[in-house]
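Examination of the molecular architecture
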Amino acid sequence: MQFRNARSSAIRVSPGSRTLTEACEGRLPLADHRCRSKVSWVTEYTAHRIGDVNSRPFNELNSRTLYSLLRLRVDVFVVEQHCPYPELDGRDTEPGTTHAWIDDTSGPVAYLRILREPEGIRIGRVCTRADSRGGGAAALLLGHVLEHHLGERVVLDAQSYLVGFYARFGFAPSGPEFLEDGIAHVPMCRPLAASAPG
């Protein structure tokens with residue numbers, strides 16, 4: 001069985017593997033792993049071909065791309081989570097902000113925002129399009145971003161049900177659970193010594 005990573009390298013999963021997620025989580029061995037980066041996350045897409053990881057500051061986003069990214073964020077955080085809050089918080093346009101995403105033929109599949117702050121970087125707005133969840137796109141994107149920020153302190157506020165997901169990347173809770181817009185979150189930090197999964 002073959003799957004492709006974000007750079008379109010073929011990855012073979014050993015016979016008997018039921019899902020790619022099991023292989024990614026280490027429950028099943030990867031028989032032939034030829035990723036071009038240190039990040040070993042792979043992604044399964046049957047309906048769409050996944051593209052490369054994109055990363056740009058606000059002033060380099062064209063209007064169509066910006067619209068698609070903001071629409072994904074609103075679809076996930078406002079509509080799906082029934083959370084009417086000011087999604088456009090003014091931080092998207094800050095000089096130190098970077099927008100990272102993965103596209104397929106239908107548009108953005110996964111997205112996250114990187115904020116430059118005095119204590120390091122803050123990752124936020126991590127989301128995956130509803131029809132692409134469970135395929136590893138968010139893990140691929142997060143792994144790519146972390147690989148490019150080795151040696152930097154990275155923080156985020158994880159929705160509580162995703163603490164285990166972020167722990168796989170070296171994040172650990174750094175404070176008590178709190179409510180933000182009615183949704184439980186846990187502050188998490190990735191120590192400077194943490195390296196990208198792989």
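In short, a report on the structure. (Residues numbered from 1 in each chain as written. Predicted model: local features only at pLDDT ≥ 70, side-chain atom pairs only at ≥ 80, totals over all residues. Heavy atoms only, no water.)

**Points about the nonpolar core**
- The biggest cluster of nonpolar side chains holds 27 residues, and the ones touching the most others in it are Leu112, Ile123, Leu141, Leu142, Tyr166, Phe171 and Met188.
- Elements with a contribution of two residues or more to this core: β5 (98-104), β6 (107-117), β7 (120-128), α3 (137-147), β8 (154-159), α4 (163-167) and β11 (183-190).
- At eight residues, the largest contribution of residues to this core is made by α3.
- Those residues within four positions of Tyr166 in sequence are excluded, and the remaining contacts are Val126, Leu142, Leu156, Ala158, Phe171 and Met188. (Core = buried A, V, L, I, M, F, W, Y, C linked by side-chain atoms within 4.5 Å. Buried < 20%, exposed > 50% of the residue type's maximum accessible area, 1.4 Å probe, protein only. Helix = DSSP H or I, 4+ residues; strand = E, 2+ residues; numbered from the N terminus. Contact = heavy atoms within 4.5 Å.)

**Remarks on the pairing of β5**
- Burial analysis of β5 places five of its seven residues in the buried class, which makes it a mostly covered element.
- Pairing geometry for β5 and β6, over seven bridges, is antiparallel. Bridge pairing in β6 links Ala100 to Leu112.
- Linking two consecutive strands that pair antiparallel, namely β5 and β6, is a turn of two residues. (Pairing = 2+ DSSP bridges.)

**Topic: helix α2 (residues 63-80)**
- Over its 18 residues, α2 runs 24 Å from end to end, which matches the ideal 26 Å to within 8%, given 1.5 Å per residue.
- Of all the bends in α2, the greatest, near 30°, is centred on Val74.
- The complete set of buried residues in α2 reads Thr65, Leu69, Leu70, Leu72, Arg73, Val76 and Phe77.
- In this structure, the buried side of α2 is in contact with β5, β6, β7 and β8. (Expected span 1.5 Å × (residues − 1). Bend = angle between axes of the 7 residues up to and from the residue.)

**Describing the pattern of salt bridges**
- Under the defined criterion, the tally for this structure stands at 15 salt bridges.
- In this structure, Arg73 and Glu87 form a salt bridge, with 2.3 Å as the shortest nitrogen-oxygen distance. Of this pair, Arg73 sits in helix α2 while Glu87 sits in the loop between α2 and β5, and the two are 14 residues apart along the sequence. The pair Arg73 / Glu87 is uniform in exposure class, with both members buried.
- Note that Glu117 and Arg91 form a salt bridge whose closest N and O atoms lie 2.9 Å from each other. (Salt bridge = Lys/Arg side-chain N within 4 Å of Asp/Glu carboxyl O.)

**Details of the packing of aromatic side chains**
- In total, this model carries three aromatic pairs according to the counting rule given.
- Seen in terms of ring centroids, Phe165 and Tyr166 are 5.0 Å apart; in terms of plane orientation they differ by 75°. Their pairing is edge-to-face.
- By relative accessible area, Phe165 is classed as buried at 19%.
- Tyr166 gets classed as buried once you look at its relative accessible area, which sits at 5%.
- Judged by centre distance (6.0 Å) and plane angle (80°), the rings of Tyr166 and Phe171 are edge-to-face.
- Pairwise contacts between aromatic rings join Phe165, Tyr166, Phe169 and Phe171 into one cluster. (Phe/Tyr/Trp six-rings, centres within 6.5 Å; stacked < 30°, edge-to-face > 60°.)

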